[in-house]
Amino acid sequence: SDNCPGLTTSLDSFPDINTCGNTFVRTFEFTATDACGNETVVLSTITIEDTTPPTITPSNTDPTIIECNGSGNSSDIQAFLNNNGGLLDSDVAEACGSFMWDYNFDGSSVLDPACTDDINETFTISFFVVDECGNASAPIDRILQITDTTDPTLVVPSDITIECNPSNQATAIAHFLNSAFTSHV
């Protein structure tokens, strides 16, 4: 409002200042000029910020089970980590930009590489996402089980017939028995 007639107003905006993700600061300049040449300029700023962490809703909650390979399963464990424990990008809700996956697993758990123990190694690994503004989701625990369900193979020698001769029977039987072996592949 003004005492002098002929009031005109104008609105200008300045280029956005991008902060993170899809957030920004936008400044507007409001100008009012009366017919007498008096002018008032007021700046107003709108800030779009992202303080909401992303959320993860797993579409699959089943544990990942892999067979013990006798060599420590390090490539299987790394594949599990690289694939976010089976969590998908579509399991993440993030409204204001992109995100990156991360996990809490330092690899210090030791797996019996030869599968000689009563093997059923279970790793609980927490996965989470962090958006471009540094907001982190709540962690989601994923289970990786390394089990040994493969039966051993047994290789036995073919049947033999030994001539009845007490002097060589013990040696022939020992040789026959020693040629059998087992493997666990």
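The preceding data block contains the structure.
Here's what I pulled together on the structure shown here. (Residues numbered from 1 in each chain as written. Predicted model: local features only at pLDDT ≥ 70, side-chain atom pairs only at ≥ 80, totals over all residues. Heavy atoms only, no water.)

Here Asp 2 lies in the segment before strand S1 (8-13). Separated by 35 residues in the primary sequence, Asp 2 and Gly 37 place their C-alpha atoms 12 Å from one another. In contact with Asp 2, not counting residues within four places along its chain, are Leu 7 and Asp 34. (Helix = DSSP H or I, 4+ residues; strand = E, 2+ residues; numbered from the N terminus. Contact = heavy atoms within 4.5 Å.)

Mapping Ser 126 onto the fold places it in strand S9 (residues 120-131). Only 2.5 Å separates the side chain of Ser 126 from the side chain of Asp 141, close enough to count as a polar contact. Filtering out sequence-adjacent residues up to four positions away, Ser 126 remains in contact with Asp 102, Tyr 103, Asn 104, Pro 139, Ile 140 and Asp 141. (Polar contact = N/O pair within 3.5 Å; in protein donor to acceptor, adjacent residues only side chain to side chain.)

Here the focus is helix H1 (residues 74-82). Looking at H1, one finds that the buried residues are Ile 77, Phe 80 and Leu 81. Angular distribution of buried residues about the axis of H1 spans 100°; they occupy a single face of the element. The outward face of H1, more than 90 degrees from its buried face, is lined by the exposed residues Ser 75 and Asn 82. Of the surrounding elements, those touching the buried residues of H1 are strand S6 (64-67), strand S8 (99-104), S9 and strand S10 (140-147). Remark: Asn 84 follows H1 within two positions and exhibits a positive phi of approximately 55°. (Buried < 20%, exposed > 50% of the residue type's maximum accessible area, 1.4 Å probe, protein only. Arc of directions from axis to C-beta.)

Here we come to the state of the cysteines. Here a disulfide denotes one covalent bond, and it connects the sulfur atoms of two cysteines. Throughout the structure, instances matching the rule amount to one disulfide. Note on cysteine connectivity: Cys 20 is disulfide-linked to Cys 133, with sulfurs 1.9 Å apart. One quick way to see it: the torsion about the S-S bond of Cys 20 and Cys 133 is about 105°, and its sign makes the bridge right-handed. Taken together, the residues span a long stretch of sequence, with Cys 20 in the loop between strand S2 (17-18) and strand S3 (24-33) and Cys 133 in the loop between S9 and S10 at a distance of 113 residues. (Disulfide = S-S within 2.5 Å.)

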